[in-house]
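Observations on the three-dimensional arrangement
If you want the building blocks of each chain, they are given just below.
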Amino acid sequence: MTDLAPFIAGLPKAELHLHIEGSLEPELMFELAQRNQVAIPYASVEEVRAAYAFSNLQDFLDIYYAGADVLRTRADFHDLAMAYFVRAAADGVIHAEIMFDPQTHTDRGIAFADVIEGLLSAMSMAEAELGLTSSLILSFLRHLSEEAAFATLEAAQPWIDRIAAVGLDSSEVGHPPEKFARVFAAARAQGLKITAHAGEEGPPEYVHQALDLLQTDRIDHGNRALEDPALVARLAAEGMTLTVCPLSNLKLCVVDDLVDHPLDRMLALGLKATVNSDDPAYFGGYVAENYRAVAEARGLTRNDLVTLARNSFTGSFLPPEAVAANLAKLEAYAAM
Ligand code: HPA
Ligand code: ZN
C-alpha cells in the first residue's frame, strides 16, 4: 500500500469536532500548573500520559475536567488555542470550528470573558499568522441542568456575534437532547447554528431527538445511528453531516478495533461523514493522524480521503462563498 501520510498532511481540510479543552497537552498542563500555582495529581508528563487509558466516555470526562483546572487566565486560553492552531495547520487544516465548554470554567470561578477573549485573540492570531480561519461553538454540558444552560447562553450575550453555533457534550446516557430543547430553541432564534453529540454511547433515539427537538445542522459522532436503518435513510436524505472521530471511538471503546470502524460503511450508505480529532491530547492524535489511522485500518482510497475533506467544507458553518473558496483549494490539490 502506498504511504498516504504525505497526501493526508497536505489535503486541505476543515476540522469540525474539536474540544479546545481536549487539546491540552500534558506539557502545557504542567507549564500552566506551574504558572498558576495549581497542584495536579501527576508527578511527570509520562505519568499523565499513562493515566489516559479509558474504558468509556465517563472515564475520560473525569480526567478531562480535572485537567482543565490548570486553565485560569485569558493568557492560558490564548496559549491553549494557539497550540492547537499550530498543530492543526501542520495537519492541513485551513478552517476549524472549535467547541468550548464555558461551564467547566465559570463553575470554577473563571470569568466567561477571560475564556472567550483568550480564545478569540488566538483565533485572530491564527488567521493572521497561519492563514487558518476558525469559529466558535459554545457547548452546553448535558450532565448539568437546563437552567444552567440558559444561564450560560445569557452569559454569552455580549459575544453572541462571535459565536457560530451551540453544541451539547459531556455524559450522554441519561441526558437526552429533549432535556435542552428549549435552550436550543432560544439559541436558534438568535441565529446560531446547532450541533449536538448524539449516538456516541447513547441510543439511536437520541439522534432522532437531536434532529426533531434540537433541529441540528450537524450531528457529532452519530455512530449508533447505524443501528436504525430508517434513521440512516433520513440522515442521508437530509444530507446531515456527521462529525466522526476514529481515534476517540477507539480510545473510548465505541469500537473495539479500528479495523471495525464504520467510517467507510457510513460513506457507502450515503452519509456525509467527516473525520475529526475530538480531544487530540487525550486520544493519541490530531486530525491527520485520524485520517491516516482509519485509512490504514479500513483500506481507504485517495478518493475516499478527498470525499471526507469535501464533506468537512460542505458541512462547515461557513457562508457559501467561503465554502466555495475552500472547496476550490481542495479540488486543486486533488487534481495535482
Ligand atoms: N463526548 C462527549 N463529551 C465530550 C467529548 C466526547 O467525545 N469530548 C469532550 N467532551
Ligand atoms: Zn466530542
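The sections below set out a description of the structure shown in this document. (Residues numbered from 1 in each chain as written. Chains lettered and ligands numbered in written order. Predicted model: local features only at pLDDT ≥ 70, side-chain atom pairs only at ≥ 80, totals over all residues. Heavy atoms only, no water.)

1. Some words on the packing of helix H5 (residues 74-90) against helix H7 (residues 112-130)
At a closest axis distance of 7 Å, the pairing of H5 and H7 adopts a crossing angle of 35 degrees. You can see that H5 and H7 cross each other, and the crossing is right-handed. Counted together, Arg74, Phe77, His78, Ala81, Met82, Phe85, Val86 and Ala89 of H5 and Ala113, Asp114, Val115, Glu117, Gly118, Leu119, Ser121, Ala122, Met123, Met125, Ala126 and Leu130 of H7 form the full contact between these two elements. (Axes fitted to C-alpha atoms, helices over the stretch in contact; angles between N-to-C directions. Helix = DSSP H or I, 4+ residues; strand = E, 2+ residues; numbered from the N terminus. Left-handed = near helix turned anticlockwise from the far one by under 90°. Contact = heavy atoms within 4.5 Å.)

2. Digging into the nonpolar core
By size, the foremost hydrophobic cluster in this structure holds 109 residues, and its most contacted members are Phe85, Leu235, Tyr282 and Leu305. In terms of residues, this core owes the most to one element, H7, which gives eight residues. What Leu235 contacts, discounting residues up to four positions off in sequence, is Val207, Leu211, Ile219, Ala225, Met240, Leu242 and Leu271. (Core = buried A, V, L, I, M, F, W, Y, C linked by side-chain atoms within 4.5 Å. Buried < 20%, exposed > 50% of the residue type's maximum accessible area, 1.4 Å probe, protein only.)

3. A word on the coordination of the zinc ion (ligand 2)
Looking at the metal site, the zinc ion (ligand 2) is ligated by His17 (NE2), His19 (NE2), His197 (NE2) and Asp278 (OD), spaced 2.0 to 2.2 Å from it. With four donor atoms in place around the zinc ion (ligand 2) and angles of 82 to 174 degrees between them, the coordination shape is irregular. The sequence motif formed by the donor residues of the zinc ion (ligand 2) is H-x1-H-x177-H-x80-D. Of this pair, His17 sits in strand E1 (residues 13-19) while His197 sits in strand E5 (residues 193-198), and the two are 180 residues apart along the sequence. By relative accessible area, His17 is classed as buried at 0%. Take His197: its relative accessible area is 5%, and that puts it in the buried class. (Donors = N, O, S within 2.8 Å, 3.2 Å for Na, K, Ca; no water. Tetrahedral: all angles 85-135°; square planar, octahedral: opposite > 155°, others 65-115°.)

4. Considerations on the pattern of salt bridges
Enumeration according to the criterion identifies 18 salt bridges in this entry. In this structure, Arg49 engages Glu27 in a salt bridge whose closest nitrogen and oxygen atoms are separated by 3.2 Å. One end of the pair, Arg49, is in helix H3 (residues 45-50); the other, Glu27, is in helix H2 (residues 26-35), and 22 residues separate them in sequence. Classification of Glu27 by relative accessible area gives partly exposed; the value is 42%. (Salt bridge = Lys/Arg side-chain N within 4 Å of Asp/Glu carboxyl O.)

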